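Working through the structure, step by step
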Amino acid sequence: MTPPRPQNPGTPDPSRNPDPSRIPDSARIPDPSPNPDTNPVGTNPIPDANRTAERLARAALTRTIEPGDQHGGRCLRQYGATGLLARLTTPTHQQGSLGPTGERRIHGWRTRAAAAHPEHDLATAHTHGIRFLIPGDPEWPTQLDDLGDARPIGLWARGPGDLRTWSLRSVAVVGARACTPYGTHTAAHLASGLAERGWVVTSGAAFGIDGAAHRGALSAGGATIAVLACGVDTAYPRGHAELIARITEQGLVVGELPPGSHPTQARFILRNRVIAALTRGTVVVEAEYRSGSLVTARNAQRLGRHTMGIPGPVTSGLSAGVHELLRGEATLVTDAADVIELVGDIGDLAPVRRGPVLPRDLLDPTAARVLEALPGHGALRAPDIALRASTHPDDTLAKLYELHALGFVERHGDDWTLSHPSRGTTNQRRGGT
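Residues numbered from 1 in each chain as written. Predicted model: local features only at pLDDT ≥ 70, side-chain atom pairs only at ≥ 80, totals over all residues. Heavy atoms only, no water.

From N to C terminus, the chain includes 15 helices and 12 strands. Evaluated residue by residue, the chain yields a buried proportion of 50% over its 433 residues. Put simply, the chain shows about 20,900 Å² of open surface, and 53% of that area lies on carbon and sulfur atoms. (Helix = DSSP H or I, 4+ residues; strand = E, 2+ residues; numbered from the N terminus. Buried < 20%, exposed > 50% of the residue type's maximum accessible area, 1.4 Å probe, protein only. Areas by Shrake-Rupley, 256 points an atom, 1.4 Å probe, with all protein chains shown as cover.)

This is the structure in structure tokens:
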């Protein structure tokens, strides 16, 4: 049961005491499933009114606690969203009320919680076609639970796709921002191949490999998810405003931060854990030793996801991080078929790789030895060919006639020579149709 909030003196602050009735009906997402933070497994579902209060509290906490803050995640797990927000918005704070969490951290939380307006954020989101997802919603991807206390408090999502369903068949394609034409082409080709086979491409909408991956998926008419390090109503980087708008129309744009939030370097790094958790595996295309895409790959490894890399030239510093990754537990891949063989279902095997089959590859061993015994220029008689091929003269003559019928050799009296294209010979049989 949610603890009662203490009465604040003076005019009540709607951000501290959110009124569920003020949320637009279309912004509500009722769900009969229990809330994993406040309801034990197997108990009755939380009533809709409490569910709405939970959503309001989590919306406020997305402005209060930074993404990936495990201290905040531990408090959220211990007290629940409404209980934690109640403790952060009391007029007076009792030291130690949030366990071992440091007082400086709590002071920052309380300051931001006092300025949060979750009703306004949810109304703004609804105006822009943004929905706020929390654990227990039908669209919430349960694989995010693998992050433990670093799990997102909630996710703001924009676009027609269903995040939970799409994440079940998704692959992350990440890499360097300052990539080469080789990296751009490879990422786009890989993403389009995955999209053509019904897989969702997830990335971070950054310049370079991320953008190429999104464009590759979109060009194939496929689905793609962009995980942002800012509010989903903000196009960042600004140079990708058109691309992000296309993803919003054809795919999904998601983020942990409420509308209007700006990106920071730390938020970019922490965003990578969400990309890794949402997908079955992560492919790195071009990355230096200190690339942020390697953070995504390491997060994927810690979560038990497949980690893959596409090699580049050994002389390219932009591929040095990928090569180091491949020396560890990552798997080398070259195209969509290789990736699907790892992350897909049983039987999704990549085709056998082999070079072209030449006509002489189909010859039996004796015929091949006889053909090898003929000089590149000049002619030999059958006994001399048999000596060089270490075969019986009768067998040699029989094989020479086979080779002649196949167009490999020519006879000039008692001499035999190789057929040459310049003489107009072919591999077609002679003397017949």
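Structurally, the α-helix is built with 3.6 residues per turn, so residues lying three or four positions apart point the same way. When we look at burial in helix α4 (residues 118-127), the residues that qualify are Pro118, Glu119, Asp121, Leu122 and Ala125. Down the axis, α4 shows its buried residues gathered within 165° of arc, on one side only. The exposed set on the far side of α4, more than 90 degrees from its buried face, consists of His120 and Thr127. Downstream of α4 by one or two residues, Gly129 has phi in the positive range, about 70°. (Arc of directions from axis to C-beta.)

Judged by nonpolar contacts, the single largest core of 32 residues is most densely connected at Leu144, Leu163, Ile225, Val227 and Val284. For this core, the secondary-structure elements that each account for two or more residues are β2 (155-158), α5 (163-167), β3 (170-175), β5 (224-228), β6 (252-255), α9 (265-278), α10 (292-302) and α11 (320-326). The element that contributes the greatest number of residues to this core is α9, accounting for 5 residues. Excluding residues within four positions of it along the chain, Val227 makes contact with Thr202, Ser203, Gly204, Val254, Arg271, Val274, Ile275 and Leu278. Counting 22 residues, the second largest nonpolar core, distinct from the first, contains Trp199, Val201, Met308 and Ile310. (Core = buried A, V, L, I, M, F, W, Y, C linked by side-chain atoms within 4.5 Å. Contact = heavy atoms within 4.5 Å.)

Attention shifts here to the packing of aromatic side chains. Counted by the stated rule, this structure contains 3 aromatic pairs. Judged by centre distance (4.3 Å) and plane angle (35°), the ring pair of Phe132 and Trp156 falls under tilted. Note that Phe132 is positioned in strand β1 (residues 130-133) and Trp156 in strand β2, a separation of 24 residues in sequence. Each of the two residues, Phe132 as well as Trp156, counts as buried. (Phe/Tyr/Trp six-rings, centres within 6.5 Å; stacked < 30°, edge-to-face > 60°.)

Right, let's get into helix α13 (residues 365-373). For α13, every residue scored as buried is listed here: Ala367, Val370, Leu371 and Ala373. Burial along α13 is one-sided: seen end-on, the buried residues are contained in an arc of 160°. Set apart from the buried face of α13 by more than 90 degrees, the exposed residues are Pro365 and Glu372. Between a side-chain oxygen at the N-terminus of α13 and the backbone nitrogen of Thr366 the separation is 3.0 Å; the capping residue is Asp364. (Polar contact = N/O pair within 3.5 Å; in protein donor to acceptor, adjacent residues only side chain to side chain.)

Looking now at the sheet that holds strand β8 (residues 306-310). Spatially, β1-β2-β6-β5-β4-β3-β7-β8-β9 is the arrangement adopted by the 9 strands of the open sheet, whose pairing is mixed. Only two strands of the sheet have a single partner each, and these edge strands are β1 and β9 (331-332). As judged from the 5 bridges shared by β3 and strand β7 (residues 281-285), these two strands associate in the parallel manner. Counterpart to Gly175 in the pairing with β7 is Val285. (Pairing = 2+ DSSP bridges.)

The values reported here are purely geometric and, on their own, carry no functional implication.
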